[in-house]
Amino acid sequence: MSHIVELRSDTFTLPTTRMLEAAGRARLGDDVYGEDPTVADLEQLAAKLLGKPAACLMPSGTMANLTALLTHSPRGGKAIVGAESDIYVYEAGGASVFGGIVYEPVPAAADGILPLNVVAEACEVDADDPQFALPAVLSVETPHNRRGGIPLPLDYLAEAAALARRYGIAFHLDGARIFNAALALGVSAADIAAHADTVQFCLSKGLSAPIGSILAGDEVSIGTARRYRKMLGGGMRQAGLIAACGIVALTEMLDRLADDHAHAARLASGLASVDGLLLDPEPPHTNMVFFSVDTERTAHTTASLLAGADERGVRLAELGRDRIRAVTHSGVTADDVDRAVEVLKEVLAAAPRAAR
Ligand SMILES: *Cc1c(COP(=O)(O)O)cnc(C)c1O
């Protein structure tokens, strides 16, 4: 069979040959002692790209977010997060388990925005009344994964930051795909990061590094974050091996994200004409396309469509109930996108297999 078209996630990206070469040549040391020069180089480069004084290499985005919340909130403090955010939905409640932090989920609008009047209500707590958990940190996500991969506008980030300042709480940004957001908005990642106290982004998604995320912020926050990283078991010894890949990601893989966005747009326009699918009305802003099965026009279900596509070598993910997500990335070409559209047409043209 021809090769698999992997559209489930940009986390399936494999390291490039240049990354593997760089890892093989990397100067290494014990990073728990702060002596891995390649990690130091990556952290400096990442801090510079985000316009922050300091940055810290993390094993994953999950640990970067958890570390940020631990850094910003005492036990019993409140983290105001999006109800559809990765932090709240996909990170196993780590901040409550390990930090005794209370999540206050705020529903996100269709474009990923947490309405600031609702956020303000969550902040308005009488600090003298011992009944209430005190708000400590606001976290927002850009682009918002479960909200179409839509980036938050800069003026919204500025208002959210001002609100956080007004209530004396920290502002964390889960910018797992911040460079996709920057590209979509036509700004730099630093322009986005400027509004937040701490920012996390993933090297391991569209940027195609095998492992790693960055947490960036001021020196004091990142110093505290390094202690929590060690506490959580994220102190890594010769981490220059993965940092070398991260450096290639940040020096060679940023410009090509435009291809992923173009491929997502191509996929959306291809799918728009497929009878039996309902495409999200908002055209893709970044590298994600969302659609669902139009059960009025086909006997297929989400499960039968995904299974049929999988049998024909096209992998898609269900993200949220009956919502299908396709993510473009460095392992997906324009031909792959066209093939995916053809395959979905083929599956829909055939009767669904009886559910097992
Ligand atoms: C992937 C992702 C994370 C978590 O990153 P991992 O490296 O998978 O732990 C956090 N936030 C968002 C928005 C993500 O997409």
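Residues numbered from 1 in each chain as written. Predicted model: local features only at pLDDT ≥ 70, side-chain atom pairs only at ≥ 80, totals over all residues. Heavy atoms only, no water.

## Overview of the overall build of the protein chain
Piece 1. What the protein chain contains, in helices and strands, is 14 helices and 13 strands.
Piece 2. For 356 residues, the compact-globule estimate of 2.2 N^0.38 gives 21 Å, and the protein chain sits close to it at 21 Å.
Piece 3. Along the first, second and third principal axes, the C-alpha atoms of the protein chain reach 60 × 55 × 40 Å.
Piece 4. The burial tally for the protein chain puts 53% of its 356 residues in the buried class.
Piece 5. Partitioning the intrachain contacts of the protein chain with sequence separation of at least 6 by distance along the chain shows that 74% fall at a separation of at least 24.
Piece 6. Of the roughly 15,300 Å² of accessible surface on the protein chain, 52% is carried by carbon and sulfur atoms.
Piece 7. Computed over 31 positive and 45 negative side-chain charges, the separation of the two mean positions in the protein chain equals 5 Å. (Helix = DSSP H or I, 4+ residues; strand = E, 2+ residues; numbered from the N terminus. Rg over C-alpha atoms; globule rule 2.2 N^0.38 Å. Buried < 20%, exposed > 50% of the residue type's maximum accessible area, 1.4 Å probe, protein only. Contact = heavy atoms within 4.5 Å. Areas by Shrake-Rupley, 256 points an atom, 1.4 Å probe, with all protein chains shown as cover. Lys, Arg positive; Asp, Glu negative; His and termini not counted. Charge placed at Lys NZ, Arg CZ, Asp CG, Glu CD.)

## Section: the pattern of salt bridges
Piece 1. According to the stated counting rule, one finds 16 salt bridges in the structure shown.
Piece 2. Salt-bridge contacts for Arg229 lead to Asp31; the nearest nitrogen and oxygen are separated by 3.7 Å. Taken as a pair, Arg229 in helix α10 (residues 219-231) and Asp31 in the loop between α1 (17-25) and α2 (37-50) lie far apart in primary sequence, 198 residues in all. Each member of the pair Arg229 and Asp31 is classed as buried.
Piece 3. Between Arg323 and Asp280 there is a salt bridge, and its shortest N-O distance comes to 2.5 Å. Note that Arg323 is positioned in the loop between β12 (317-318) and β13 (324-327) and Asp280 in the loop between β9 (277-279) and β10 (288-293), a separation of 43 residues in sequence.
Piece 4. Classification of Asp280 as partly exposed rests on a relative accessible area of 25%.
Piece 5. Shared partners join several salt bridges into a network, and the residues in it are Glu6, Arg8, Asp310 and Arg315. (Salt bridge = Lys/Arg side-chain N within 4 Å of Asp/Glu carboxyl O.)

## Here's the deal with the sheet that holds β10
Piece 1. The antiparallel open sheet is built from four strands, whose spatial order is β9-β10-β13-β12. Each of the sheet's edge strands pairs with one partner strand only, and the pair in question is β9 and β12.
Piece 2. One ladder, built from three bridges, connects β9 with β10; its direction is antiparallel. Bridge assignment links Leu279 to a residue of β10, and that residue is Phe291.
Piece 3. Across the sheet, helix α12 (residues 257-272) is in contact with β9, β10 and β13; its angle to β10 comes to roughly 20 degrees. (Pairing = 2+ DSSP bridges. Axes fitted to C-alpha atoms, helices over the stretch in contact; angles between N-to-C directions.)

## A closer look at helix α11 (residues 240-252)
Piece 1. Between its first and last C-alpha atoms α11 spans 18 Å; for 13 residues at 1.5 Å apiece the expected length is 18 Å, and the two agree.
Piece 2. Among the residues making up α11, those that are buried are Gly240, Ile242, Ala243, Ala244, Cys245, Gly246, Val248, Ala249 and Leu250.
Piece 3. Against the buried residues of α11 lie α1, α2, β2 (54-58), α8 (178-185) and β7 (198-202). (Expected span 1.5 Å × (residues − 1).)

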